[in-house]
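Residue-level listing of the chains:
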Amino acid sequence: MDRVKLTNAIGRELDYYRGATTGDITGRSKTRWKVDRDLEDAFAQMSGTVTDLKSALEALSKSGDLSKLDRLFNNAQTRTTTPGPLTITTTPENSTEGHTTPDYSRSRNTAHGRCRNEPNILGSGAFFAGPPMGRFSAYRGGFRPDIHFIVGDTRRGIRDTRRGILGHESRDRRTIADVSKAKQEELLRREPRDRVPDKPVPTPIYEAIIEWRPALAKHAPLMAIQQLILTSAKRDDSASPKRTCAGMPASDKILCAAFGFKRQVAWNDELNAGIFLELYQSRIDSDIEWSDWDSREGRARVILNHNTPDAIMDSYLDFALSPREQPDRTFLISGKKANSRDALGPEKRKRERVVEENKPRVDLPSTTVMMKRYLNSLDTVNVFTHGQHGVFCDDAIEEMVSAAREIPSEERRIQELRKVYGIRSFPKPLYAGCDRSPRLRADAHNQLMNLKTSLRKSLYVKGKDRELDLSKSHLASYIPTVRARGIETPQLNKYLQANLEDNTGLLAEGDLWMELACACDTEVLSDTDALRAAVKRLYSVPYGMKWSQVLHMIAKEYDKNGGSYPETHDVFDGLRSHPLVRELLQTRETLREIINQEGGLWDASGRFIPLSAWNETKAEGDRWRGLMSYINASYETEIVGEAFRVAKKERERDARTRFKIWLCQGDGFTIRVSSKASTGRQIKRLQDAVAEKAEELGVPTKLTVDWPA
């Protein structure tokens, strides 16, 4: 057992345990003890148990006595040398250096509750289009940590940290104290990268910000961070639904971009996102607090507390939710006036440039590139904003606003209204590639593809619009993924085929989701409709999600759809023992061993995708999950891509375009036909093309019409 790694793990757990006993916790539940995997592995090697670990930490937090831990270490069966005494260094409570146990009492701009680490296999929220997940959070997969592990990987005997510093010893993260005054001034003179939008706000709000902190007018990077705090609509999953902007993720990608750096360039310059936040803290807001990045889970920093005046925060929220645009506006970062009719023109052009220059970490397959070019080349005026015939005509926007205002949850209502008003300002959806997924994602300005389903469907015109998607494609794409490695899935094949045939003999009501819902304890989970909607979260199993997290997502979805979160996950025992689910979990373990042994897999287009592509985003034991997700999604993309090829040929065929695809939704899309009479023919063309490709790839799915139902 690596003694340094164990020491650091104990130090982290001690910080968390002290916080749990005092009520000030970051990343830990008050009611359920969660053991860090480094520490749990260490105790397993020492022939200890989780109970030993908890009691040892409890004693250590009270007395500082290391004897029990030292005794367990000395008794380790894997010990080859005589260990010395353990030395643990922990961060003092409420210090500004580690931010592990922040004081929540100073401002109402505070994120209360547990910061839950839930995996989002394809990423999440505003940045990704994956299988529908819960609301935005700084989940694993969405952001990269500054340092991958506490100690780091070993390469040729040298420890490697993610800020570009190599050495034979593990090193503490650099802080603002390690940066010279001259270097700090140099950083403040830099300009944000293009990926940081310069957002216009009403001039009175801008003037109030400058009056509060005049330095923000002089230093663009600090204003970029202030803009993030002021305008972000994203929240960590545990954030309190307040009108202020606490609990929002602050990814290292965005923080580095605020100071004009790409992440790797910043790390090579011995800088990190924490330093940038500390610089903001020292110059602008001494009360700002944030959680540290989670090195094992890959979870981004989250703003826990800040002291931006409530009047400014509330004024901006009123502006963001206003149905009318303000005529007198000023760009936050540049300070330039934005009063002309084309005030957003520069931002629109920059947006197009950023999307065009997008370069994912894993190169996009040619099918995804073709889909991206087709969608981004749609004409803004003729498709989206042409009088009363465009998708986003005035009546359509008003319809979306009305639907959004009916959402009962205040927090969700605010988020969706912000998306709607973003669409009003930037009506053309633009798409870029995900870093580690073959799918497309929406850019931050127009989040139509991530809009709440009821709002999105309020845009559709009866007789002209049709929403189509692949039937059970998340499960169906798993079949060729494992078959390529010699693994068969007879149960999955049988149940998917029965679903396609509406087989009531094998499936309850001829529906796969109803069949799986009936496998749960329906006496406790009595709301059948809510349960059917909830068990759809099982599609995350082929995407690598942990079973415990799958159950949590099902329970959470059941609660959201009208049921109540069950007291125990035992009500899902029947689900795990269902033949289909049991086969999924068993074959997934076999595939995991193959992935780890061979170091990668081939995707649907025949490209070898290396496991190392997830080195910087996932713990070593979880990288296979990201790769499995990628391969599974690649089959969906190739199949959906056939519909886009038909649409592309239709546009190139002659001047009379009979239909166009105007919205991409991962494993589905929305079309608009030019003539109601030809709707059936155009849908048949698309279904035939998709069926042929699905048969070629061995994926038992079909293209179905999801709207109108």
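The paragraphs below set out a description of the structure included in this document. Keep in mind it's a predicted model, so treat the numbers as computed, not measured.

## Remarks on the packing of aromatic side chains
- The final tally for this structure, using the stated rule, is 10 aromatic pairs.
- Both rings, one in Tyr 374 and one in Phe 644, keep their centres 5.9 Å apart while their planes meet at 85°; by these two values the pair is edge-to-face. On the criterion of sequence distance, the pair formed by Tyr 374 in helix H13 (residues 366-376) and Phe 644 in helix H26 (residues 623-653) is long-range, its members being 270 residues apart. Residue Tyr 374 shares its accessibility class with Phe 644, and that shared class is buried.

## Structural notes on unusual backbone geometry
- Residue Trp 707 is joined to Pro 708 through a cis peptide bond whose omega torsion reads -5°.
- Of note in this structure, Glu 270 is not a glycine but carries a positive phi near 60°.
- Along the polypeptide, Glu 270 turns up in the loop between helix H9 (263-268) and helix H10 (273-283).
- Unusually for a residue other than glycine, Glu 509 sits at a positive phi of about 60°.

## Let's talk about the nonpolar core
- Counting residues in hydrophobic clusters, the biggest one holds 111 residues, and the most contacted among them are Phe 644 and Phe 669.
- Sorting elements by how many residues they give to this core places H26 first, with 12 residues.
- Setting aside residues up to four positions removed in sequence, Phe 669 forms contacts with Arg 466, Glu 467, Leu 468, Val 640, Ala 643, Phe 644, Ile 661, Leu 663, Cys 664, Leu 686 and Leu 703.
- With 47 residues, the next largest nonpolar core counts Ile 176, Ile 209, Ile 229 and Cys 256 among its residues.

## What about the packing of helix H11 (residues 310-320) against helix H16 (residues 410-425)?
- Running from N to C, H11 and H16 point in directions that differ by 60°, and their axes come no closer than 9 Å. In terms of axis orientation, H11 runs oblique to H16. Taking contact as the criterion, the partners of Tyr 316, Leu 317 and Ala 320 in H11 are, on H16, Ile 414, Arg 418 and Tyr 421.
- Of the residues contributing to the contact of H11 with H16, the split by class is five nonpolar, no polar and one charged.

## Concerning the pattern of salt bridges
- Inspection of every chain in the model, using the stated rule, returns 33 salt bridges.
- With a shortest N-O distance of 3.7 Å, Arg 263 and Asp 252 are connected by a salt bridge. One end of the pair, Arg 263, is in helix H9; the other, Asp 252, is in helix H8 (residues 252-258), and 11 residues separate them in sequence.
- Judged by its relative accessible area of 8%, Arg 263 is buried.
- A salt bridge links Lys 648 to Glu 652; the shortest N-O distance between them is 3.0 Å. With Lys 648 and Glu 652 both in helix H26, this residue pair falls four residues apart, about one helical turn.

## Points about the sheet that holds strand E5 (residues 249-250)
- The three strands are arranged E5-E7-E6 in an open sheet whose pairing can be described as antiparallel. With partners counted over all chains shown, the strands left at the sheet margins are E5 and strand E6 (289-290), one partner each.
- Relative to strand E7 (residues 301-305), E6 is paired through two bridges, and the arrangement is antiparallel. Paired with Glu 289 across the two strands is Asn 305, which belongs to E7.

## What to know about the layout of surface pockets
- In this structure, the second largest pocket spans a volume of roughly 510 Å³.
- Of all the elements in the fold, those that place two or more residues in the lining of the second largest pocket are helix H14 (380-385), strand E14 (659-664) and strand E15 (668-673).
- Per element, the largest residue contribution to the lining of the second largest pocket is three residues, and it comes from E14.
- Class assignment of the residues belonging to the lining of the second largest pocket gives a composition of 10 nonpolar, eight polar and six charged.

## Focus on empty space enclosed by the protein
- This model, assessed by the stated rule, comprises four cavities of 30 Å³ or more.
- Empty space within the second largest cavity amounts to approximately 40 Å³.
- Together, Met 371, Pro 438, Arg 439, Leu 440, Thr 637, Val 640, Cys 664 and Gly 666 line the second largest cavity.
- Across the lining of the second largest cavity, the residue classes break down as five nonpolar, two polar and one charged.

About the criteria used
- Residues numbered from 1 in each chain as written.
- Predicted model: local features only at pLDDT ≥ 70, side-chain atom pairs only at ≥ 80, totals over all residues.
- Heavy atoms only, no water.
- Phe/Tyr/Trp six-rings, centres within 6.5 Å; stacked < 30°, edge-to-face > 60°.
- Helix = DSSP H or I, 4+ residues; strand = E, 2+ residues; numbered from the N terminus.
- Buried < 20%, exposed > 50% of the residue type's maximum accessible area, 1.4 Å probe, protein only.
- Core = buried A, V, L, I, M, F, W, Y, C linked by side-chain atoms within 4.5 Å.
- Contact = heavy atoms within 4.5 Å.
- Axes fitted to C-alpha atoms, helices over the stretch in contact; angles between N-to-C directions.
- Parallel < 35°, antiparallel > 145°, perpendicular 65-115°, else oblique.
- Nonpolar A, V, L, I, M, F, W, Y, C, P; charged D, E, K, R; others polar.
- Salt bridge = Lys/Arg side-chain N within 4 Å of Asp/Glu carboxyl O.
- Pairing = 2+ DSSP bridges.
- 1 Å grid on protein atoms, 1.4 Å probe; cavity = no way out; pocket = protein on both sides within 12 Å on 5 of 7 lines; lining within 4 Å.
- Points joined across faces, edges and corners; volume = space filled by probe spheres on them.

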